[in-house]
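# Structural characterization, general
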Amino acid sequence: MENRTDKNSYTILFAIGMVLIVGALLAFVASSLKPNIAENKRIEKQQNILYAMGVNENEEGSANFISTDKVADEFTKYITKQVVITNGTQSEENSEAYLIDVKKEQSKAKSGGERRLPLFIGEKEGKTYYIAPIRGKGLWDAVWAYVAMDKNMVVQGAYFDHQGETAGLGANIKERFFMDDFIGEHLLDASGNFVGINISKSNADPLNKDKTDNEVDAIAGATITGDGVSAMLRSDLKLYVPYFKTLKN
Amino acid sequence: MGLLSRKDSKLILDPLADDNPITIQVLGICSALAITAQLKASIVMAVSVLFVLGAGNVVISLIRNIIPSKIRIIVQLTVVAALVIIVDQVLKAFSYQLSKELGAFIGLIITNCIIMGRFEAFALGNGPWRSFLDGIGNALGYGVILIIVGFFRELLGSGTLLGFKVLGDPIAKTGLYSIGYENNGFMLLAPMALIVVGVIIWVQRTRNKALIED
């Protein structure tokens, strides 16, 4: 005899009921946790920006952000101006430029729209930092970074992060030994043309003493993540070049 | 075990050793390879699987008599996916840094064969309490192996444990590095996880000959 649960009508009703219950449960969990998650993301962006300009709690080889309770005050203390660049050179102040979603701006540019480029200007110990958020693709998912530069486009600090690179390999782009290698590296060549920084496996300068070779040493076993980081630095930072030229003039 | 009957305690203890999901049933190998380059990731993965498998087994056991057999795999998958999303959201809301470090791994729980295996083999045929014990036992058995593999891979691959320098030079030039030791980068690659799991299987079968198949 056929069991009640084997009937097609029962199966369909069960499936509909299950989808409704699970959907409602997940929607409830997601909406009740949404404010916490949004706040965590906002804090993290501010921590990332400050990290890139050297405001952090690093000890020895570890990379540590400043603590979440201090971040809002430190952000207003160190970030003096936030601008949004349009058309390469036009800039306007926007106190919430850090909330601009780089991913959305990239897809806007792909579909022919105009990409807004946020740039954060910070002052620390009499030095001015220009911090640009950039985004690209790693091996498994997105990689992104905040790169602090001076007005000559020499890197002053960087914070790299990723969505799902392999632990111990590609995920090491957010380790200090990798990020610190970028400090002092030039993004322009000797004649002032934009070159970017290449993550190189065949680097002749593994100790990174030459800061003008536009190369840093690659992470072993993370070739595709490294290539993704190189491509991201090249394609996204290049967009800021016209603005930096106006700064020099 | 005073609290549990002999039969019930076997549900917890067997998967820890002689019926281990990884080394005996050879399930859940994928995540053992993917996430064990660091001990911390191994521990959080083990705890997350403990929650998903414990709660999932209870849910499946409670609804086992009303699940249509034609779509039972889809129902099981929906339960795992929902629990994994809840774990992920809770971590994002209350332990954001940890959730970022483990982002991809938490999602990987959905693909863990042990979970679907226990739903199918145990929870569909047993009551909620026994299913809960079975889930906890298997998750612990899985977690133990993950932690052992994570321990050796992080120690020998990075010279650290939970991020702390163990083989390094806590005091300058006193550590193993000063006598020429170097981290074995190969330990961080996935094939080495398979070799470590293989060594555990070898040790386990050498100690207990009954586990060796003819």
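Sequence order sets the numbering: in each chain, residues are counted from 1 along the sequence as written. Think of it this way: whatever chain is written first is A, whatever ligand is written first is 1, and the rest follow in order. Only residues with pLDDT of 70 or above have their local features reported here, since the model is predicted, and side-chain atom pairs are shown and tallied only from 80 upward, although totals for entire chains, interfaces and linings are computed over all residues. Hydrogens and water molecules were not included; the side-chain quantities draw on all heavy atoms of the structure.

### With respect to the overall build of chain B
Just so we agree on the cut-off: Secondary structure counts use DSSP, requiring at least four H or I residues in a row for a helix and at least two E residues in a row for a strand, with both numbered from the N terminus. Categorising residues by exposure relies on relative accessible area from a 1.4 Å probe, with only protein chains included: less than 20% of the type maximum marks a residue as buried, more than 50% marks it as exposed, and the intermediate range marks it as partly exposed. To measure how exposed things are, a 1.4 Å probe is used in the Shrake-Rupley method; for residues, cover is taken only from the protein chains shown.
For chain B, the helix and strand inventory stands at 8 helices and 2 strands. Helices and strands in chain B line up, N terminus first, as α-α-α-α-α-α-α-β-β-α. Overall, the C-alpha framework of chain B stretches about 65 × 50 × 35 Å when taken along its three principal axes. Classification of the 214 residues of chain B by burial places 46% in the buried group. Of the accessible surface of chain B, which amounts to about 10,200 Å², a share of 69% is contributed by carbon and sulfur atoms.

### Looking at the pairing of strand β4 (residues 127-137) of chain A
Residue and element names in this part refer to chain A. What counts is decided by this rule: Strands were regarded as paired on the criterion that DSSP finds at least two bridges between them.
The buried fraction of β4 amounts to 8 of the 11 residues, a majority that puts the element mostly inside the structure. Between strand β3 (residues 117-124) and the antiparallel strand that follows it, β4, lie 2 residues; Glu125 among them carries a positive phi value of about 50 degrees. Inspection of the sheet shows β4 paired to strand β5 (residues 142-149) by 8 bridges, in the antiparallel sense. In the strand pairing of β5, Arg135 is matched with Trp144. What sits between β4 and β5 in their antiparallel hairpin is a turn of 4 residues.

### A few points about the state of the cysteines
Rules: Our working definition of a disulfide is a cysteine sulfur pair at a distance within 2.5 Å.
As enumerated under the stated definition, the model contains 0 disulfides over all chains in all. Looking at Cys30(B), it has no disulfide partner, and the nearest cysteine sulfur is the one in Cys113(B), 4.6 Å off.

### Some words on the confidence of the model for chain B
Residues and elements named next belong to chain B. So the rule is basically this: What pLDDT conveys is the predictor's confidence in a given residue, as a value from 0 to 100.
Averaged over all residues, the pLDDT of chain B equals 86, while 94% of them reach at least 70. Looking over chain B, one finds the lowest element-wise mean pLDDT in helix α5 (residues 96-108), namely 76, and the highest in helix α7 (residues 128-158), namely 93. Taken over the whole predicted complex, pTM reads 0.75, whereas the ipTM for its chain interfaces reads 0.77.

### Things to note about the packing of aromatic side chains
All names here are of chain A. Note the cut-off: Any Phe, Tyr or Trp ring, taking Trp's six-membered ring, that has another such ring centre within 6.5 Å forms a pair; planes under 30 degrees apart are called stacked, those over 60 apart edge-to-face, and the others tilted.
A full pass over the atoms with the stated rule returns 12 aromatic pairs over all chains. Centroid distance Phe160 to Phe178: 5.6 Å. Interplanar angle 55 degrees. Geometry classified as tilted. One end of the pair, Phe160, is in strand β6 (residues 155-162); the other, Phe178, is in helix α4 (residues 176-179), with 18 residues separating them in the sequence. You can call Phe178 buried: its relative accessible area is 2%. Between Phe160 and Phe182, the aromatic rings sit 4.9 Å apart at their centres with planes inclined by 50 degrees, giving tilted as the arrangement. Residue Phe160 is located in strand β6, and its partner Phe182 is located in the loop between α4 and β7 (198-200); the two are separated by 22 residues in the primary sequence.

### Looking at the pattern of salt bridges
Residues and elements named next belong to chain A. To keep things clear, this is the line we draw: The rule for a salt bridge is simple: a side-chain nitrogen of Lys or Arg has to be within 4 Å of a carboxyl oxygen of Asp or Glu.
If you walk through the whole model with that rule in mind, you get 12 salt bridges over all chains. Notably, a salt bridge pairs Arg116 with Glu105, separated by 3.1 Å at the nearest N-O pair. Remark: Glu105 occurs in helix α3 (residues 102-110) and Arg116 occurs in the loop between α3 and β3; sequence separation between them is 11 residues. Of the residues examined, Arg116 reaches a relative accessible area of 32% and is grouped as partly exposed. Under the relative-accessibility criterion, Glu105 is labelled buried at 3%. When the shortest N-O distance is used, the salt bridge between Asp236 and Arg115 registers 3.1 Å. Of this pair, Asp236 sits in helix α5 (residues 223-237) while Arg115 sits in the loop between α3 and β3; the two residues are 121 residues apart in sequence, bridging distant segments of the chain. For the pair formed by Asp236 and Arg115, the shared burial category is buried. Among the charged side chains, a salt-bridge network with shared partners connects Glu105, Lys108 and Arg116.

### Considering the interface of chain A and chain B
It is common to give the size of an interface as the accessible area that goes away when the parts come together. What counts is decided by this rule: Contact between two residues is taken to exist if any of their heavy atoms lie within 4.5 Å; hydrogens are not considered. Here the quantity called buried area is the accessible surface, traced with a 1.4 Å probe, that two parts lose on coming together, added over both. By the criterion applied in these results, polar contacts are pairs of N or O atoms within 3.5 Å in which, for protein atoms, one can donate a hydrogen and the other can accept it, and in which residues neighboring in sequence qualify only through two side-chain atoms.
Counting residues at the interface gives 31 residues for chain A and 27 residues for chain B. Buried area between chain A and chain B, summed over both chains or domains, comes out near 2,500 Å², and the portion from carbon and sulfur atoms is 65%. In this structure, the connection of chain A to chain B is made through 0 salt bridges. Summed over the shared surface of chain A and chain B, the number is 7 residue pairs in polar contact (both at pLDDT 80 or more). Ranked by residues supplied to the side of chain A that touches chain B, first place goes to helix α1 (residues 8-52) of chain A with 17 residues.

### With respect to a nonpolar patch on the surface
All names here are of chain B. The test is simple: Patch membership requires over 30% relative accessible area and the absence of a salt bridge. Like charges are linked within 9 Å, and nonpolar side chains (Val, Leu, Ile, Met, Phe, Trp, Tyr) within 5 Å.
Together, Leu13, Leu16, Leu140, Val144, Ile148, Phe151, Phe152 and Leu156 give the surface a local cluster of nonpolar side chains, amounting to about 580 Å² of exposed area. For the nonpolar patch, the leading source of residues is α7, giving 6 residues. Here Ile148 falls in the partly exposed class, since its relative accessible area comes to 32%.

### Here's the deal with the pairing of β5(A)
Residues and elements named next belong to chain A. Judged by how many residues are buried, β5 sits mostly within the fold: 8 of 8 residues are covered. Bridge analysis of β5 against β6 gives 7 bridges, and the strand direction is antiparallel. Of the residues in β6, the one forming a bridge with Ala148 is Gly157. Between β5 and β6, which follow one another and run antiparallel, lie 5 residues, and Met153 among them has a positive phi close to 60 degrees.

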